[in-house]
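Structure assessment
Chain by chain, the residues run as shown.
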Amino acid sequence: MPRYRLLAIDIDGTLVNSHNELTDATCTALCRAMAAGIRVVLATGRRYSHTLHLVEPLGLDVPLVTASGALVKDPVGHRTLYRARFEPEVLRCALRALDELGFCPIACADTFHQGFDFYTCSREAESEELAEYFRLNPTAGRVNARLLDAPPADIFCLFTLGTQEQMLRLEVELNGRLPGKLHTHVLRSPLYVGYMCEMAPAGVTKWSAIRRLARQWRITDAEICAVGDDVNDIPMIQAAGLGVAMGNALPSVKAAAARIAPTHDNNGLVEVVEWLLA
């Protein structure tokens, strides 16, 4: 039996290359890992609907940890395995804070079967970054005029967009207003020009979601390998039995890792699988 029984993989900057491609070499390597008895879990900041095409080459028995751990889905039947839940007053306070500080909140919801992914107060974007997001996601959201005072019950995370400086300042302000109530991080998706400040209930990370799955499969922390490249990958890279940063990872991610793989444009995951099967 392999020493590592679960391989948790980030998507952007890790599973896919800079052209958003899952290469044949990476796909073949991951299929080898699964054939050897290693479970594969994709753990991403992406919305669920933006991950589904990636599980088809790997087979459907690949759970999807999405929204940086706030929503876990089984692609077979699109069954929800876990959805984070805000304390109602924390959610309302976070939404009001975003509005008061001049940022349009985007509230992700478990609404895949309803044909959309998020709620927003308005589609009137006051920033270039948010305007681009709405333009690139024309059918993925629904305007909810009562979002701030009566948010729907199925919201599991929030985010907004702006410049990196704006998002870092916003993160500090939110945690000052709601100390210990949120898990936040600031990152930039390669799909957009702007930076995102993402907010989930306290304690909700990719790692918390991966551990929940691992417990069901009777897999220990020491038997997990986690691979990523951005700040939302740090908790799983630090806590896993083997934490791996991609060669293209941020310096803070590399500092958290036990090993560094080649870059995503050099099929770095192929080498990770070789380590696990050696």
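Check the entry above for the structure.
Residues numbered from 1 in each chain as written. Predicted model: local features only at pLDDT ≥ 70, side-chain atom pairs only at ≥ 80, totals over all residues. Heavy atoms only, no water.

**Here we look at the layout of surface pockets**
In this structure, the second largest pocket occupies an estimated 260 Å³ of space. Every residue lining the second largest pocket is counted, 16 residues in all, and those nearest its centre are G102, F103, C104, E126 and L130. Those elements that place two or more of their residues in the lining of the second largest pocket are α4 (128-136) and β9 (155-162). Per-element tally for the lining of the second largest pocket: the top contributor is β9, with 3 residues. A breakdown of the residues in the lining of the second largest pocket according to their chemical character gives 6 nonpolar, 6 polar and 4 charged. (1 Å grid on protein atoms, 1.4 Å probe; cavity = no way out; pocket = protein on both sides within 12 Å on 5 of 7 lines; lining within 4 Å. Points joined across faces, edges and corners; volume = space filled by probe spheres on them. Helix = DSSP H or I, 4+ residues; strand = E, 2+ residues; numbered from the N terminus. Nonpolar A, V, L, I, M, F, W, Y, C, P; charged D, E, K, R; others polar.)

**Considering the packing of aromatic side chains**
On inspection of all chains with the given rule, the structure shows 6 aromatic pairs. Consider the rings of Y48 and F112, whose centres lie 5.1 Å apart with planes at 80°: the pair is edge-to-face. Linking Y48 in the loop between β2 (39-43) and α2 (52-55) with F112 in the loop between β6 (106-109) and β7 (118-120), this pair joins segments that are 64 residues apart in sequence. Classification of Y48 as buried rests on a relative accessible area of 4%. A cation over a ring is seen here: R39 above W217, with NZ or CZ 4.1 Å from the ring centre. R259 extends its terminal NZ or CZ atom over the ring of W275, reaching a point 3.8 Å from the ring centre. (Phe/Tyr/Trp six-rings, centres within 6.5 Å; stacked < 30°, edge-to-face > 60°. Buried < 20%, exposed > 50% of the residue type's maximum accessible area, 1.4 Å probe, protein only. Lys NZ or Arg CZ within 6 Å of the ring centre and 35° of its normal.)

**Some points on empty space enclosed by the protein**
The tally for this structure, following the rule as stated, stands at 1 cavity of 30 Å³ or more. Space inside the largest cavity adds up to approximately 40 Å³. T14, L15, V16, N17, E21, T23, T26, H264, N267, G268 and L269 are the residues that line the largest cavity. Grouping the amino acids of the lining of the largest cavity by side-chain chemistry returns 3 nonpolar, 7 polar and 1 charged.

**A short note on the packing of helix α3 (residues 88-100) against helix α5 (residues 164-177)**
It is at 11 Å that the axes of α3 and α5 come closest, and there the two elements cross at 140°. What the angle tells us is that α3 and α5 run oblique. Our pair here, α3 against α5, has a crossing hand that is right-handed. For the pair formed by α3 and α5, the contact residues are A94, A97, L98 and E100 on the first element and L170, L174 and R177 on the second. Partitioning the contact of α3 with α5 into residue classes produces 5 nonpolar, no polar and 2 charged. (Axes fitted to C-alpha atoms, helices over the stretch in contact; angles between N-to-C directions. Parallel < 35°, antiparallel > 145°, perpendicular 65-115°, else oblique. Left-handed = near helix turned anticlockwise from the far one by under 90°. Contact = heavy atoms within 4.5 Å.)

The values reported here are purely geometric and, on their own, carry no functional implication.
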